[in-house]
Amino acid sequence: MGLLCPGARLLVLAQPGDPIHAFLKPGGSEDRSLHNRELSAERPLNEQIAEAEADKIKNVYPPENKPGESNYSFVDNLNLLKAITEKEKTEKEKQSIRSSPFDNKLNVEDADSTKNRKLIEDYDSTKSGLDHKFQGDPDGLHQLDGTPLTADDIVHKIATRIYEENDRGVFDKIVSKLLNLGLITESQAHTLEDEVAEALQKLISKEANSYEEELNKSISRTENQAGKISEKVTLKAATQNSLTHGESDETVSNALTLVNGLERRTQTFGEDDFEELQYFPNFYALLKSIDSEKEAKEKETLITIMKTLIDFVKMMVKYGTISPEEGVAYLENLDETIALQTKNKLEKIATDNKSKLFPVPSEKSPEETDSTKEEAAKMEQQHGTLKDSTKDSSSRPVGKTDAPKGKTEAYLEAIRKNIEWLKKHDKKGNKDDYDLSKMRDFITQQADAYVAKGILDKEEASTIKRIYSSL
Amino acid sequence: MAGRGGQALLALCAALAASGWLLGVGAQEPGEPAAGVRRRRRLQQEDGISFEYHRYPELREALVSVWLQCTAVSRIYTVGRSFEGRELLVIELSDNPGVHEPGEPEFKYVGNMHGNEAVGRELLIFLAQYLCNEYQKGNETIVNLIHSTRIHIMPSLNPDGFEKAASQPGGLKDWFVGRSNAQGIDLNRNFPDLDRIVYVNEKEGGPNNHLLKNLKKIVDQNTKLAPETKAVIHWIMDIPFVLSANLHGGDLVANYPYDETRSGSAHEYSSCPDDAIFQSLARSYSSYNPAMSDPHRPPCRKNDDDSSFVDGTTNGGAWYSVPGGMQDFNYLSSNCFEITVELSCEKFPPEETLKSYWENNKNSLINYLEQIHRGVKGFVRDLQGNPIANATISVEGIDHDVTSAKDGDYWRLLVPGNYKLTASAPGYLAITKKVAVPYSPAVGVNFELESFSERKEEEKEELMEWWKMMSETLNF
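Just so we're clear, the structure is a prediction, and the values are computed from it rather than from any experiment. (Residues numbered from 1 in each chain as written. Chains lettered and ligands numbered in written order. Predicted model: local features only at pLDDT ≥ 70, side-chain atom pairs only at ≥ 80, totals over all residues. Heavy atoms only, no water.)

## Points about the overall build of chain A
What chain A contains, in helices and strands, is 17 helices and 0 strands. Taken over 471 residues, chain A has a buried fraction of 45%. Taking all contacts inside chain A whose residues are at least 6 apart in sequence as the whole, residues at least 24 apart take part in 68%. (Helix = DSSP H or I, 4+ residues; strand = E, 2+ residues; numbered from the N terminus. Buried < 20%, exposed > 50% of the residue type's maximum accessible area, 1.4 Å probe, protein only. Contact = heavy atoms within 4.5 Å.)

Printed below as a string of structure tokens:
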């Protein structure tokens, strides 16, 4: 891109104090040439210059013609430029889908927003001859292949984009760009919003239906498969539902916020830029450290970037994509990143106040650790209470002494059956003796444990142990 | 069971009716001359099961015998002590006794919570012996059950009461003596009344499961709770029971939640959110007990109102309102679904009838056990495969959630149908899955949840990427 672009931008920005409508001069040919250059900033330098020249030439002639004609050619030029812009815009948008939405959106927006912000008034629909009926402007808006872009196409395109990216912010971006370019008015933006919402709902319901059919077929297959498919479906359905709900709930409030956003954008740009940025100490420090004269453009770039980011995050928070805490965390984290980056790259900014690391809300519930502690405590408690059980023998009914033989017989019988079964199910073959001694140890251990817990009394335990040792 | 004008006359009638009802009363064999008070193995023995009443020492011995015979698959433990210091013994049967194997559901039978309702106590002792015998014989059903389930059997929750009831001289036992614990507390009215809370929540909004959370301390400090009640509450909180039955006597029916009526009236069908599965569970017991499910069976006592009985089952509140019962406490404080089974018109029938009670209930007891392998089960884990304990599993259309246990495992009993299950946990993004549930076996559905921080990490990374790219592009 080189320095031409920032330089051009800088020229524009060099009047921070002026409100936008300072540019609203009748004719304003100089501005137009400037704007033209900026509009086509994406294209190679030569082309840009060539076009700028061409425009200048064109602009020379109109004053010589009749006013009506001059208007016509003016309009022509503007239409042409609009067409070019639109093409570029759609190209950019297409690009932004393919690559990570986050990256390029901001990139594009950043690249565009500074340039485009100045153009609002020039493309104001109230100006004569400029017909921006968004719906019916076949001359200005074309698809990539050159066929006229109808309003429906546009609506559908936007809806599709929102659907694919599952992000309502896409709409806002597109609309704000269009507004910035002056291609639509605010009221048209509202209309567009409604239409896009409709189209989106249609899309979702269509997709949901086709998924439903798929699902119904697949339910007859194995359960696992059905589970997998339905997981996707229901995930999608869940997000779509939230999206449509979000849409219907917010269309009203969105209209307002859109307006607010616009106002914000048009105003903040002219104000003192440092207002919001004061909350980002590192960034602020960075800005301050840049020598205003030498690296003014760097400064402005930084400011722009930061503001864009802040706006973006605000938007996300507003539409509930992230929570306010997360938004703040993002920005604070960004500030932190800036600190690191500047330290590394510029090596002239002292990052004295590294903002503290942000407590990521712990997802792991502390309950788990607590419950295990409680478990341990409980078990201790239980063992504690049980240790006294041996004193309990007095409460037991008298009949115990009457039939110890019977009991011993019973235990003997039971043990015999156990050994029998173990031998049958023992796959190790010749290791009967070994198993027996292992069993003996195990039983001894268990018997003692049971005595401790009050399940066996000492006599019984010794009886059992005796039996096992005699085998 | 609540008292019903228990006069001696009625008890006599009941005894006659009961003996007339029971088929194939076991013949008595002449016993060995008794050396002392008790005669051992006098009555029929079948595979080591002696069909006689077991007092506390005999109960202990019987369980120890089972353990000695089946050391590989059994374990005895105690959940606490009664007021008079008797151990509340439990025998556990599973292929890995003492260990909760992840994914293996836990089952419990609790008997004799009213000390004078004796049939349940004996049936459970017989059951323990039976399971051990059959396991060693290679009975496939039993082997599979023991390998796939962890079965806990508590023959008596009120050993003190039983002693009192059993000590009564003569054949006919009073309707009340020995019912409550040694402190005179009716244990089946002693549990925290969570029904009340749930009914309020139904009107004003609020949870209807796991209502005892954060109240553990209150339970321990509550002086009104009997030691037996407290012990059981801790037991329920410790082990992630899935299915349970509470054995009583005095009537012949399988009873399911809710026990307490919403309006407070004496009789009112009080359905819980899982009414469908509970009806199925109750029926799974009653249908295998010929007497219980007999549609032409006259009521236990002439003036009894059994209009609410359907196929040997009844909703608790529809029969009569019971506040503070253990059954509803299970459902509302834990994941466990419990029904109450009334096994005999007579609470403490003659010893000779025990064998036939066993015959009538044996299949029901096993079949009810098998019900635990129904519905949906699985694991809730995070993306790294770590279990997420205490995750919530909710079913669309059933306003009652279950939670996952420590290994992330959960079990959700459901009647056949199509359901949407949602697993969620704090800090994680919830996932919903559609499941088609047959009658049995349980369908396996696992969830892998992504945590917020993971999602945030992804987004943060994107942001960093972007920043990197930006800074590189602008030579910053």
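## With respect to the state of the cysteines
Residues and elements named next belong to chain B. The full count for this structure, using the stated rule, is 2 disulfides over all chains. Covalent S-S linkage joins cysteine 70 and cysteine 132, the inter-sulfur distance amounting to 1.9 Å. Here cysteine 70 and cysteine 132 share a disulfide; its torsion about the S-S bond, 95 degrees, makes the bridge right-handed. Within this pair, whereas cysteine 70 is found in the loop between helix H2 (56-69) and strand E3 (74-81), its partner cysteine 132 is found in helix H3 (residues 119-137), the two being separated by 62 residues in sequence. Both residues of the pair, cysteine 70 and cysteine 132, belong to the buried class. One disulfide in the model links cysteine 300 with cysteine 345; its S-S distance is 1.9 Å. Between cysteine 300 and cysteine 345, the S-S dihedral sits near -70 degrees, and the bridge is therefore left-handed. Here cysteine 300 is found in the loop between helix H9 (275-286) and strand E9 (313-315), whereas its partner cysteine 345 is found in the loop between strand E10 (337-344) and helix H12 (354-370), with 45 residues between them in sequence. For the pair formed by cysteine 300 and cysteine 345, the shared burial category is buried. (Disulfide = S-S within 2.5 Å.)

## Regarding the UniProt feature "active site" (unreviewed entry) in chain B
All names here are of chain B. The residues that UniProt annotates with the feature "active site" (unreviewed entry) are Glu342. Along the chain, the position of glutamate 342 falls in strand E10. Relative accessible area serves as the criterion here: at 3%, glutamate 342 is assigned to the buried category. Among the polar contacts listed, one links the side chain of glutamate 342 to the backbone nitrogen of glycine 249, at a separation of 3.4 Å. (UniProt positions renumbered as here; feature names shortened; annotations may be inferred. Polar contact = N/O pair within 3.5 Å; in protein donor to acceptor, adjacent residues only side chain to side chain.)

## Side note on the pairing of strand E5 (residues 106-111) of chain B
Residues and elements named next belong to chain B. Counting buried residues in E5 gives 6 out of 6 residues, a clear majority hidden from the surface. The alternating pattern of E5 places Glu106, Lys108 and Val110 and Phe107, Tyr109 and Gly111 on opposite faces, both of which are buried. Two strands pair when backbone bridges link them, and E5 and strand E6 (residues 150-154) are joined in this way by 5 bridges, in the parallel orientation. Within E6, the residue paired with valine 110 across the bridge is methionine 154. Bridge analysis of E5 against strand E7 (residues 241-248) gives 6 bridges, and the strand direction is parallel. (Pairing = 2+ DSSP bridges.)

## So, the packing of aromatic side chains
Aromatic ring pairs: the centre-centre distance and the angle between the two ring planes describe each pair. All names here are of chain B. Under the counting rule described, the total for this entry stands at 23 aromatic pairs over all chains. Arranged with centres 6.0 Å apart and planes meeting at 85 degrees, the rings of phenylalanine 126 and tryptophan 358 form a pair that is edge-to-face. With phenylalanine 126 in helix H3 and tryptophan 358 in helix H12, this pair connects stretches of sequence that are 232 residues apart. A relative accessible area of 1% places tryptophan 358 in the buried class. Geometrically, the ring pair formed by tyrosine 199 and tyrosine 258 is edge-to-face, given 5.5 Å between the ring centres and 85 degrees between the ring planes. Within this pair, whereas tyrosine 199 is found in helix H6 (residues 194-204), its partner tyrosine 258 is found in the loop between strand E8 (251-256) and H9, the two being separated by 59 residues in sequence. We classify tyrosine 199 as buried; its relative accessible area is 4%. The class for tyrosine 258 is buried, based on a relative accessible area of 0%. Grouped by ring-pair contacts, the aromatic residues Tyr199, Tyr258, Phe278, Tyr331 and Phe337 constitute a single cluster. A cation over a ring is seen here: arginine 374 above tyrosine 439, with NZ or CZ 4.1 Å from the ring centre. (Phe/Tyr/Trp six-rings, centres within 6.5 Å; stacked < 30°, edge-to-face > 60°. Lys NZ or Arg CZ within 6 Å of the ring centre and 35° of its normal.)

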